[in-house]
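An overview of the molecular structure
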Protein chains: 2
Amino acid sequence: MNIKQVILQAFHDQPDRFISGEELSQMCGCSRTAVWKHMEELRRDGYEVEAVRKSGYRLVAAPDRLSAAEVTAGLGTQRIGQQVFAYDEVISTQPLAHDAATKGAPEGTLVLAELQTGGKGRLGRPWHSPKGSGIWMSLIVRPVIPLPKTPQMTLLTAVCVAQSIREETGLPVKIKWPNDIFIGDKKVCGILTELHAESDRVHYLVIGIGINVNSVSADFPADLAQIATSLRIESGQPVNRIRLIQRFCRIFESWYDHFLQDGFQQIKENWEAHSYTIGRDVSVQTISQKLEGRAIGLDEAGVLLVRDESGHVHKVYSADVNYRAKH
Amino acid sequence: MNIKQVILQAFHDQPDRFISGEELSQMCGCSRTAVWKHMEELRRDGYEVEAVRKSGYRLVAAPDRLSAAEVTAGLGTQRIGQQVFAYDEVISTQPLAHDAATKGAPEGTLVLAELQTGGKGRLGRPWHSPKGSGIWMSLIVRPVIPLPKTPQMTLLTAVCVAQSIREETGLPVKIKWPNDIFIGDKKVCGILTELHAESDRVHYLVIGIGINVNSVSADFPADLAQIATSLRIESGQPVNRIRLIQRFCRIFESWYDHFLQDGFQQIKENWEAHSYTIGRDVSVQTISQKLEGRAIGLDEAGVLLVRDESGHVHKVYSADVNYRAKH
C-alpha cells in the first residue's frame, strides 16, 4: 500500500474519529509534513477532509469516483480486487485486461473505467456505458480448471453480482440465462466472459461486468429505456459504487474458492434459485435452430436444459432466450 | 494466385510434359518475356527447370523448402491451406498465427517455418524444432461450436495427422491421448490447440502441429533420442514435406466439414480405432490426483474414460498418461 492508501484505510477503519497527524505519520512511516502533503493531495482528488488543531484529521466525504485507493481501502480480500487499474475514459476495459493478463497481472486484478466509448456485450453487441453512472469493469482470474468448465465461471459471476446487488440495495434481482441480471423485465447488468486457453489448460479469463448503477431515465437512449434500468431508478436513491464493487469482490472470492474446492453443484443450485429463466416457457434461437419449450434447469455442467412439447430435453449451449406469454 | 503460383500449378497438373512459353503466357495473362523472368526467379528459389527451344519448360525438381507457392500449387481445398505464411526462422509459429487471427486472417490460414527457436508443446513445455527437417506449422480455424466442444478439435486434428502420415508413408502410427502421434513407443508428432473465445462463442483456434519428418538420429539431443523418432528414421527414406502438408490439408478439410455438419461421433470412433491408449493399463497424473486403471474409451464429448480397480469410471480432462507394464 502507498501512503494515500494507508491513510484511506485508517479513515475507513475508524470512520467518525479524528486521527492525529502523529498517529498517521507512524502508520505511514513518514513525517507529519508528508502526511499533510498527502492530505492535500486527497483533497485535490475530491476527498473532503476536516482538519482540527490538536485533534487531527477526519474524513467527511469521499468523491463519487472510482480509484484504486478507494477500492482497496478496507476491501478485506486475499486476491480479488487487490490490484486495480482505474481509468477515466477507455474504449473498453476488456482489451486492457487482456493486455494486463498477457503481461502477467495477478489473479484478481480489476480494470475499471468511469466511461467506456466502445463497450461490448456478448457476441460483439454494443454496451452503453456512460460516464460516472455505472460500474464498467473487467476481472482477471486464472482458474486451474478444464476448458469445458469455463462457462460455469460465467454462471458463478452472475450469482455473485446478483447477491452483491441484493445485499447492497435489497432489490429483487433475478438472473436471466446465461449472464444478464434483471429487475422485473428490465436489464440492469450484463456479464461477458472471454478467455485464452489451450485445450487442456486455461491461461486466463477476463470477466467483463457492466452494471447500470446511478443512471437516471434520461441517461438511456430511447431504444434502451424500454428494456434497461438502473439500481438508482429501481431503488429511488443513489447507490455507492465503491461499496458495491467491494462487496462483489468479497462475495466473488468466497464463491470462487468454493468452486475451485468443491465444484459447481452449490453454485448451480443458487443460480437456479435466483433464475428468471427456469420454469418459464421460452423461445430459444441458437445459431442453427429455433426451439420452443420450457426451461427446466441447468445440467451438472451448467448447460441450459429446455424440454419441448414432445418431452424431448435439449441442451442449449449458446442462444438468445425469449419468454413466451403463458397459453 | 500470382504468376509464380500459376506456373507451379501448371507444372503440377502436367508433371512430365513440356509446356510452351506461349501456353504459359496465356495461362498467366502476361508476356512470354514475363514468363521467362518468373522462370528465372523460380530457379533462384531452388527449382530445377528444364528449358528446350520449341518445346518449352518442364519442372525437373522442386527445392526441399516450404513456401506458400509450393503448398498452394495443386492443393485442391476450399479453405484449409489456401492462405500460407512461410518463414525461414521464427521463435514459434503459434504467436504469429494468433496475431494473424486477431487481424482477421481467414479460416484455413497456415503459418509455416523451416526453423523454430522457441517452439512450445502443451503446458508450456519446450518443443525441439530444428531447421528444415520437420513440419512446424500453425493452422487457424474459426468453428462455430460451443466452447465445451473445442477439445474435440484436438482429437479431430490427431485423427487427421495420423491418417495423413499413414496414407503418405504407410507407417503404422497411433494416437496417444490426447494429442501425440506415436510410432511404436516413440513420439513423431505433437499437437497443441490454443484458442480465444467468449463463453458462448469461439473467436478462433490456433492448432499447432509439429511433425519430425526428415530428422536423422543425430538431430535429436540425447534425452530426446530415446523417446522421439522421425518419419525418415522409421521408413528408411526421406518424406516429401509439401506432399504431406497438402495431404493433411485435404484430410483436415474433409473431417472438419464432417464434424461441423454431423458432429463428433465418427471422429471419436476413428480416434479410438487408431489409439495407442485405449485398452491399456495407465497411470494418470492430473493436476489434483494420481489415478491407476484401464483406459476404456472416450465419452461422447471426447473426455478420456479410465476405469479403476474398483470399477469406478473417472473422466480425465487434462493429464499426463503413462503406460503400466502388464501384471
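Residues numbered from 1 in each chain as written. Chains lettered and ligands numbered in written order. Predicted model: local features only at pLDDT ≥ 70, side-chain atom pairs only at ≥ 80, totals over all residues. Heavy atoms only, no water.

Topic: the overall build of chain A
- A count of helices and strands for chain A gives 10 helices and 14 strands.
- Taking 2.2 N^0.38 as the reference for a compact globule, 327 residues should give roughly 20 Å; the C-alpha atoms of chain A span a radius of gyration of 22 Å, in line with that estimate.
- Structurally, chain A occupies a C-alpha span of about 80 × 45 × 30 Å along its principal axes.
- Of the contacts formed within chain A by residues at least 6 apart in sequence, a portion of 62% connects residues at least 24 apart.
- Of the roughly 14500 Å² that chain A leaves accessible, carbon and sulfur atoms contribute 48%.
- Side chains of chain A carry 37 positive and 38 negative charges; the gap between the two charge centres is 2 Å. (Helix = DSSP H or I, 4+ residues; strand = E, 2+ residues; numbered from the N terminus. Rg over C-alpha atoms; globule rule 2.2 N^0.38 Å. Contact = heavy atoms within 4.5 Å. Areas by Shrake-Rupley, 256 points an atom, 1.4 Å probe, with all protein chains shown as cover. Lys, Arg positive; Asp, Glu negative; His and termini not counted. Charge placed at Lys NZ, Arg CZ, Asp CG, Glu CD.)

Some remarks on the relation of the copies chain B and chain A
- In the superposition of chain B on chain A (RMSD 0.0 Å, axial shift 0.0 Å), the rotation amounts to 180°. When the rotation and shift are considered jointly, the pair of chain copies conforms to a two-fold rotation axis. Distance from the rotation axis, computed per C-alpha, reaches its smallest value in chain B at Pro148 of chain B: 1.9 Å. (Least-squares fit on C-alpha atoms with pLDDT ≥ 70 in both.)

What to know about the nonpolar core
- Residues Phe252 of chain A together with Phe252 of chain B are the most contacted members of the largest nonpolar core, which totals 128 residues.
- Contacts of Phe252 of chain A, omitting those with residues within four sequence positions, involve Ile80, Leu139, Val141, Met153, Leu156, Thr157, Cys160 and Ile207 of chain A. (Core = buried A, V, L, I, M, F, W, Y, C linked by side-chain atoms within 4.5 Å. Buried < 20%, exposed > 50% of the residue type's maximum accessible area, 1.4 Å probe, protein only.)

With respect to the interface of chain B and chain A
- Counting residues at the interface gives 27 residues for chain B, matched by 27 residues for chain A.
- Across the chain B/chain A interface, buried area totals approximately 2400 Å², and carbon plus sulfur atoms make up 60% of it.
- If you look at where chain B meets chain A, you find zero salt bridges.
- Across the chain B-chain A interface, the total number found is two residue pairs in polar contact (both at pLDDT 80 or more).
- Every element with two or more residues in the side of chain B that touches chain A is listed here: helix H6 (151-169), strand E8 (186-198) and strand E9 (201-212) of chain B. (Buried area = accessible area lost by both parts, 1.4 Å probe. Salt bridge = Lys/Arg side-chain N within 4 Å of Asp/Glu carboxyl O. Polar contact = N/O pair within 3.5 Å; in protein donor to acceptor, adjacent residues only side chain to side chain.)

Some thoughts on the domain arrangement of chain A
- The domain architecture assigned to chain A consists of domain 1 (3-61), domain 2 (68-273) and domain 3 (281-323).
- A separation of 56 Å is found between the C-alpha centroids of domain 1 of chain A and domain 3 of chain A. (Domains from an automatic or database assignment.)

A look at empty space enclosed by the protein
- Evaluated as defined, the whole model comprises two cavities of 30 Å³ or more.
- Of the volumes computed, that of the largest cavity is approximately 180 Å³.
- Looking at the largest cavity, it is lined by 15 residues, and the ones nearest its centre are Pro151, Trp177, Gly302 and Tyr317 of chain A together with Ser199 of chain B.
- With three residues, the top contributor of residues to the lining of the largest cavity is helix H6 (residues 151-169) of chain A.
- Classifying every residue of the lining of the largest cavity by side-chain character gives 11 nonpolar, three polar and one charged.
- When its volume is computed, the second largest cavity comes out at roughly 40 Å³.
- Lining the second largest cavity we find Ile135, Met137, Val161, Ser164, Ile211, Leu244, Ile245 and Phe248 of chain B.
- Contributing elements (two or more residues each) for the lining of the second largest cavity: strand E5 (134-141), H6 and helix H9 (241-262) of chain B.
- Tallying contributions element by element places H9 of chain B first for the lining of the second largest cavity, with three residues.
- When grouped by side-chain class, the residues that make up the lining of the second largest cavity number seven nonpolar, one polar and no charged. (1 Å grid on protein atoms, 1.4 Å probe; cavity = no way out; pocket = protein on both sides within 12 Å on 5 of 7 lines; lining within 4 Å. Points joined across faces, edges and corners; volume = space filled by probe spheres on them. Nonpolar A, V, L, I, M, F, W, Y, C, P; charged D, E, K, R; others polar.)

Focus: the state of the cysteines
- The full count for this structure, using the stated rule, is zero disulfides over all chains.
- You can see Cys160 of chain A has no disulfide; the closest cysteine sulfur is in Cys249 of chain A, sitting 10 Å from it.
- On the basis of relative accessibility, which here comes to 0%, the residue Cys160 of chain A falls in the buried class.
- Counting only cysteine sulfurs, Cys30 of chain B is the nearest neighbor of Cys28 of chain B, a cysteine outside any disulfide, at a range of 4.6 Å.
- The buried category is assigned to Cys28 of chain B, whose relative accessible area is 15%. (Disulfide = S-S within 2.5 Å.)

Section: the sheet that holds strand E14 (residues 320-323) of chain B
Residues and elements named next belong to chain B.
- Pairing in this open sheet of five strands is antiparallel, and the strands run E13-E12-E11-E10-E14 from one edge to the other. A strand with exactly one partner marks an edge of an open sheet, and here the two such strands are strand E13 (313-316) and E14. Ignoring strand direction, the axes of neighbouring strands in this sheet form an average angle of 45°. (Pairing = 2+ DSSP bridges. Axes fitted to C-alpha atoms, helices over the stretch in contact; angles between N-to-C directions.)

Points about unusual backbone geometry
Residue and element names in this part refer to chain A.
- Following Trp177, the chain continues into Pro178 via a peptide bond in cis, with omega recorded as -5°.
- Tracing the chain through its elements places Pro178 in the loop between strand E6 (173-176) and strand E7 (180-183).
- Despite not being glycine, Lys54 has its phi angle at roughly 75°, a positive value.
- Within the element layout of this structure, Lys54 appears in the loop between strand E1 (48-52) and strand E2 (56-61).

Observations regarding the pattern of salt bridges
- Summed over all chains, the structure comprises 35 salt bridges over all chains.
- Residue Lys4 of chain B is joined to Glu41 of chain B by a salt bridge in which the shortest nitrogen-to-oxygen separation is 3.4 Å. A residue pair is termed long-range when its members are at least 10 positions apart, and Lys4 of chain B in helix H1 (residues 3-13) and Glu41 of chain B in helix H3 (residues 32-44) qualify at 37 residues.
- Classification of Glu41 of chain B by relative accessible area gives partly exposed; the value is 31%.
- When salt bridges with common partners are traced through the structure, they connect Glu167, Glu168, Arg243 and Arg247 of chain A into a single cluster.

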